[in-house]
Amino acid sequence: MKPEKLGREKILSNVVLIDSNIFLEVELAESHADACKRFLGKVRDGLIKSAITDFHIDSIVIVMENYGKGWKDIALFLVSLLRYKGLRIHTMGLSGRIKSTLIMRDYGLDFDDALAVQALKDLSTNVIVSYDEDFDSINWIKRYIPEKLV
Amino acid sequence: MGGIKVYISDDLERKFREAAMRLYGYGRGSLSIACEKAISAWLSQVSEILDIVETVDDPVEAIYGMLSHVKKSGVELQHEAREIRARKDLKQCGTN
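Residues numbered from 1 in each chain as written. Chains lettered and ligands numbered in written order. Predicted model: local features only at pLDDT ≥ 70, side-chain atom pairs only at ≥ 80, totals over all residues.

Peer 1: Break down the overall build of chain A for me, with residues and values.
Peer 2: When its secondary structure is counted, chain A shows eight helices and five strands. Ordered by position from the N terminus, the helices and strands of chain A form the series α-β-α-α-β-α-α-β-α-α-β-β-α. Computed over the C-alpha atoms, the radius of gyration of chain A is 15 Å, within 12% of the 15 Å expected from 2.2 N^0.38 for a compact globule of 150 residues. Expressed as lengths along the three principal axes of its C-alpha atoms, the size of chain A is roughly 45 × 35 × 25 Å. Counting every position in chain A, which comprises 150 residues, the buried fraction comes to 38%. Considering only contacts within chain A whose residues lie at least 6 apart along the sequence, 63% involve residues at least 24 apart. (Helix = DSSP H or I, 4+ residues; strand = E, 2+ residues; numbered from the N terminus. Rg over C-alpha atoms; globule rule 2.2 N^0.38 Å. Buried ≥ 20, exposed ≤ 12 C-beta atoms within 10 Å, placed from the backbone. Contact = placed C-beta atoms within 7 Å.)

Okay, structure coming up:
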């Protein structure tokens, strides 16, 4: 087995948090789409255990609606989430939102990013799959892009 | 009464056993009570939409290219969501 693969397997042995931009890249079908599709394919097949928060799902829906997508496409997106064997939906709740404000204070993040950090804590993981470099300011978080994982 | 044998990660098993026993006691049956509740909760979430879910064959292909008319990156769109949310809330405040 290649050493590189060993490292990759170690990263993916725990649950990873998926950021909204990974799904959005597939919807955009641009340069990152292929890597994101392959990554999400592994989540679909249950080879990668992952989670996304309900808040980040809503963010995707808001973007879709803003760019003219109607109920049918939004329903299709939401329904498709149930088809991933390796994806669970993490509900933030009011307490999660309140705790996120402390992360805003401690790390100087905006609310959306702070919610993701709180979700990482809830899930006992430090791995987020995202293209958003804002997370790089937090030293205990390991951010990976799909290109590095597939 | 039926029985199901399932395989879950060691960590989840440990957490599940601990929570079930703390809630329902350390005697026999605690795990079954917790399991039945968990399965019922999951079923209530999915049973009504099973017919719709079955129409999606591949979840990744299903969403591919939905926003291909938008010439922005995923991160840009994600950050935009915050602004859209704020705009909508402010608009609602204005109309109320």
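Peer 1: Could you give me a rundown of the overall build of chain B, with the residues and numbers involved?
Peer 2: Summing up its helical and strand segments, chain B has five helices and zero strands in all. Secondary structure elements in chain B, listed N-terminal to C-terminal, are α-α-α-α-α. Radius of gyration (C-alpha) of chain B: 22 Å, far over the 12 Å computed for a compact globule of 96 residues. By principal-axis analysis of the C-alpha atoms, chain B measures approximately 60 × 40 × 30 Å.

Peer 1: Go over the nonpolar core, please, and point to the residues and values.
Peer 2: All names here are of chain A. Core analysis: the biggest nonpolar cluster contains 42 residues, and Val-16 and Leu-17 have the highest contact counts within it. A total of six residues in this core trace back to one element, the largest contributor, which is helix α7 (residues 111–122). Each residue touching Val-16, except ones within four places of it in the same chain, is listed here: Ile-48, Ser-50, Thr-125, Val-127, Ile-128 and Val-129. (Core = buried A, V, L, I, M, F, W, Y, C linked by C-beta atoms within 7 Å.)

Peer 1: Give a description of the interface of chain A and chain B that names residues and reports values.
Peer 2: Contact with chain A, which involves 33 residues of that partner, is made by 24 residues of chain B. Mapped onto the side of chain A that touches chain B, the elements with two or more residues apiece are α2 (20–28), α3 (33–44), α4 (54–66) and α5 (71–80) of chain A. Counting residues per element, the side of chain A that touches chain B draws most heavily on α2(A), at eight residues. Of the residues contributing to the side of chain A that touches chain B, the split by class is 17 nonpolar, seven polar and nine charged. (Nonpolar A, V, L, I, M, F, W, Y, C, P; charged D, E, K, R; others polar.)

Peer 1: Explain the sheet that holds strand β4 (residues 127–129) of chain A to me, using residue names and the numbers behind them.
Peer 2: All names here are of chain A. Taken together, five strands build an open sheet; the order of strands is β3-β2-β1-β4-β5 and the sheet is parallel. Strands with a single pairing partner mark the edges of an open sheet, and in this sheet they are β3 (87–90) and β5 (142–144). Mean inter-strand twist for the sheet, computed between neighbouring axes without regard to direction, equals 30 degrees. Bridge count between strand β1 (residues 16–18) and strand β2 (residues 50–53): two bridges; the pairing is parallel. When the bridges of β2 are listed, Leu-17 appears paired with Ala-51. On the sheet, α7 packs against β1, β2, β3 and β4 and is oriented at approximately 155 degrees with respect to β1. (Pairing = 2+ DSSP bridges. Axes fitted to C-alpha atoms, helices over the stretch in contact; angles between N-to-C directions.)

Peer 1: Account for the pairing of β2(A), with residues named and values stated.
Peer 2: All names here are of chain A. Neither face of β2 is left uncovered, since the one carrying Ser-50 and Ile-52 and the one carrying Ala-51 and Thr-53 both have all their residues buried. Sheet analysis places β2 next to β3, joined by four bridges and oriented parallel. Residue Ile-52 lies in a different strand from β3, and its bridge partner there is Ile-89.

Peer 1: Mind laying out the packing of helix α1 (residues 10–24) of chain B against helix α2 (residues 30–46) of chain B, listing which residues take part and the relevant values?
Peer 2: All names here are of chain B. At a closest axis distance of 8 Å, the pairing of α1 and α2 adopts a crossing angle of 105 degrees. Considering their axes alone, α1 and α2 lie roughly perpendicular with respect to each other. Of the residues in α2, those in contact with Phe-16, Arg-17, Ala-19, Ala-20, Met-21, Leu-23 and Tyr-24 of α1 are Ser-30, Leu-31, Ile-33 and Ala-34. In terms of residue class, the contact of α1 with α2 is built from nine nonpolar, one polar and one charged. (Parallel < 35°, antiparallel > 145°, perpendicular 65-115°, else oblique.)

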